[in-house]
Amino acid sequence: MTDAEPRPVRLIFPADARNLRLARLTAAGIAGDAGFSLDAIEDLRVAVDELCAVLVDGAGTEVDVTVTYRVVGDQVLVEGECDNGAADADLHAVARELLKMTTDDYAVAKDGGRVSFRMVKQRHPASV
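Residues numbered from 1 in each chain as written. Predicted model: local features only at pLDDT ≥ 70, side-chain atom pairs only at ≥ 80, totals over all residues. Heavy atoms only, no water.

J.: Honestly, the nonpolar core in this entry has me stumped. Any pointers?
T.: Side chains of nonpolar character tend, in soluble globular proteins, to be buried together. Counting residues in each nonpolar core, the largest one holds 36 residues, and the members touching the most others are Leu44, Val48, Val65, Tyr69, Val78 and Met119. Counting residues per element, the ones that place at least two in this core are strand 1 (9–14), helix 1 (20–33), helix 2 (38–56), strand 2 (64–72), strand 3 (75–83), helix 3 (93–102) and strand 5 (114–122). No other element matches the 10 residues that helix 2 contributes to this core. (Core = buried A, V, L, I, M, F, W, Y, C linked by side-chain atoms within 4.5 Å. Buried < 20%, exposed > 50% of the residue type's maximum accessible area, 1.4 Å probe, protein only. Helix = DSSP H or I, 4+ residues; strand = E, 2+ residues; numbered from the N terminus.)

Structure, rendered in structure tokens:
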């Protein structure tokens, strides 16, 4: 076994809000395996839910959402994308505040009919 970073995990699901739990559960499992605290795991779950909700908003279930998770050092990087021309990449003010509280960095973009996000959650040392 090597000390190399784990391979990325890619989750693909139909753009339906009922499937957001799959994205949340995957994020929680990966962060748990990477040694994140329970609070950090919950923050990550909330952030992934908010960001994936942007991707599925207005999309039909014939469209797929792709979410990629990577563990890089002390960080979990999550990227998502969906061909959803109906989605608006502008987040509601409440969602922006929530993401500022639960992530270390995030961005949402729209390029033509493709909406995407990228977020980073840092594993912080446990407080003593």
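J.: Which parts of the structure should I look at to understand the packing of helix 1 against helix 2?
T.: When two helices pack together, you describe them by how their axes are tilted relative to each other and by the distance separating the axes. At a minimum axis separation of 9 Å, helix 1 and helix 2 run at an interaxial angle of 150°. The hand of the helix 1/helix 2 crossing is right-handed. Packed against helix 1, whose contacting residues are Leu20, Ala23, Arg24, Leu25, Ala27, Ala28, Ala31 and Gly32, the element helix 2 presents Ile41, Leu44, Arg45, Val48, Asp49, Cys52, Ala53 and Val56 at the interface. Looking at the contact of helix 1 with helix 2, its residues break down into 12 nonpolar, one polar and three charged. (Axes fitted to C-alpha atoms, helices over the stretch in contact; angles between N-to-C directions. Left-handed = near helix turned anticlockwise from the far one by under 90°. Contact = heavy atoms within 4.5 Å. Nonpolar A, V, L, I, M, F, W, Y, C, P; charged D, E, K, R; others polar.)

J.: What should I look at first to understand the sheet that holds strand 2 in this one?
T.: Within a sheet, neighbouring strands are paired by backbone hydrogen bonds and run either parallel or antiparallel to one another. Taken in spatial order, the five strands line up as 1-2-3-5-4 in an open sheet, and their pairing is antiparallel. For this open sheet the edge positions go to strand 1 and strand 4 (105–111), each flanked by a neighbour on one side alone. The average undirected angle you get between the axes of adjacent strands in this sheet is 15°. Sheet topology places strand 3 next to strand 5; nine bridges connect them, and they run antiparallel. Bridging from a neighbouring strand, Gly80 pairs with Phe117 of strand 5. Strand contacts of helix 1: strand 1, strand 2 and strand 3, with the helix running at about 165° to strand 1, the strand carrying the most contacts. (Pairing = 2+ DSSP bridges.)

J.: Before we go on, may I ask you to explain the state of the cysteines in this structure?
T.: In protein structure, a disulfide is the covalent linkage between the sulfur atoms of two cysteines. Applying the stated criterion to the full structure yields zero disulfides. Here Cys52 is not cross-linked by a disulfide; its sulfur's nearest cysteine counterpart is in Cys82, at 9.6 Å. (Disulfide = S-S within 2.5 Å.)

J.: In this structure, what is going on with the side chain of Asn84? I would like to understand it.
T.: Within the secondary structure, Asn84 sits in the loop between strand 3 and helix 3. Here Asn84 falls in the buried class, since its relative accessible area comes to 3%. Looking at Asn84, its side chain comes within polar contact range of the main-chain oxygen of Asp57, at 2.9 Å. Those residues within four positions of Asn84 in sequence are excluded, and the remaining contacts are Val54, Leu55, Val56, Asp57, Gly58, Ala59, Lys110, Gly113 and Val115. (Polar contact = N/O pair within 3.5 Å; in protein donor to acceptor, adjacent residues only side chain to side chain.)

J.: What should I look at first to understand the environment of Leu38 in this one?
T.: Take Leu38: it is sitting in helix 2. Taking the relative accessible area as the measure of exposure, Leu38 reaches 71% and is therefore exposed. Between the C-alpha atoms of Leu38 and Phe117, which are 79 residues apart in sequence, the distance is 24 Å.

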